[in-house]
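Topology and contacts: notes
Letter by letter, the chains look like this.
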Amino acid sequence: MAILVLSHPLPSAPFVAALQALAPDLPVWTEADTPPPDAVEVLLAWRLTAGVVPRYPKLRVVCSTGAGVDKLLAVPDLPAGLPVTRVVDPQQARTIAQYVVAQTLHATRDFARYEAQQARAEWRRHPVRPAAQCRVGLLGQGEVAQAIARAIVPLGLPLALWGRHLRPLPGLEHADVTRYTGEAGLPALLASSDVLVNTLPLTEATRGLLDRARLAQLPAGAWLVNVGRGEHLVEDDLRGLLDSGHLAGAALDVFAREPLPRDHWLWGHPSVRATPHIAGEARFEVVAAACLDALQRCRAGQAPQWLVNRNAGY
Ligand code: GLV
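Quick caveat, the model's predicted, so the values are computed rather than measured.

The rules behind the values
Residues numbered from 1 in each chain as written. Predicted model: local features only at pLDDT ≥ 70, side-chain atom pairs only at ≥ 80, totals over all residues. Heavy atoms only, no water. Helix = DSSP H or I, 4+ residues; strand = E, 2+ residues; numbered from the N terminus. Contact = heavy atoms within 4.5 Å. Axes fitted to C-alpha atoms, helices over the stretch in contact; angles between N-to-C directions. Parallel < 35°, antiparallel > 145°, perpendicular 65-115°, else oblique. Left-handed = near helix turned anticlockwise from the far one by under 90°. Nonpolar A, V, L, I, M, F, W, Y, C, P; charged D, E, K, R; others polar. Disulfide = S-S within 2.5 Å. Buried < 20%, exposed > 50% of the residue type's maximum accessible area, 1.4 Å probe, protein only.

Thoughts on the side chain of Asp 110
Within the fold, Asp 110 resides in the loop between helix H3 (90-108) and helix H4 (111-119). In this structure Asp 110 touches Leu 105 and Arg 129, once residues within four positions along its chain are discounted.

Put into structure tokens, the structure is as follows:
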């Protein structure tokens, strides 16, 4: 009985090595193998395609290689009762927070303007933007959003968070953070975000959330930082708002199509900073440990620790 690693497009070798380091006797296969169907108890996967899950009748659990599970839950033939798990490595959350801090400071400290000036060898100083014009609005309240919030607060930038329901923010109980919730709270968050940071999970409720109508509610000159999923953003709506100058820029780490096609307009747009989904990555050993823990618990008839609420989608 064993684990099948389907980590494509990430290489499977580091996941296999991490699993074998922790459980040397457990067979581990990859997409290059053809394991006996009855032997597969766990799929450790980033995405699934139709037809894969039904191949393994003894499957106990599907574990995500990443924090987001949208590409697993999207598959139409996932049996209703099959547990799906994900793990948010605290180090992954911290590196995403670093990415967001870097992009946020790029925006609020006007670095794009100074880069343009440098290209013209132009020495011209502009006033530092007051904090009141550097308001950061975070969409999401999960582990990643919490790590970002903990990184932003010490910078002295006004911070607000939005989520469907109010969730606790560990470590920020005494911080001056504005909270908005529900449909009714979203316009207020958008209207007060000079830098809007998206960390939401991709679900049917959040797909296409960042469309023309919502992006237009951001203050003039705002930036968008997307570390959630590409499908949250209607990319062509963003283009209109960048071209009209309503939005000053967008820092995008995730895209509706990944890899982003070479001829996509986002690569070349002067107001877009595009990176290839590198904001943060879970450590292989953390993913492997969570996967083995899920297997043990499922074998013992217990619920896995990092169980995804399949109705909520995260
Ligand atoms: C990255 O996007 C992840 O879901 O871990």
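Re the packing of H3 against helix H5 (residues 143-152)
A pair of packed helices can be characterised by two numbers: the angle between their axes and the separation between those axes. Across the interface, H3 lies against H5 with an axial gap of 8 Å and an inter-helix angle of 50°. One element, H3, and the other, H5, form an angle in the oblique class. The two elements H3 and H5 cross, and the hand of that crossing is right-handed. Note on element contacts: H5 touches H3 through Glu 143, Val 144, Ala 147, Ile 148, Ala 151 and Ile 152, opposite Ala 93, Arg 94, Ile 96, Ala 97, Val 100, Val 101 and Thr 104. Taken together, the residues that form the contact of H3 with H5 break down as 10 nonpolar, 1 polar and 2 charged.

Points about the state of the cysteines
With the rule as written, the count across this model stands at 0 disulfides. A disulfide-free cysteine, Cys 63 has its sulfur positioned 3.9 Å from the sulfur of Cys 291, the nearest such atom. Judged by its relative accessible area of 2%, Cys 63 falls in the buried class.

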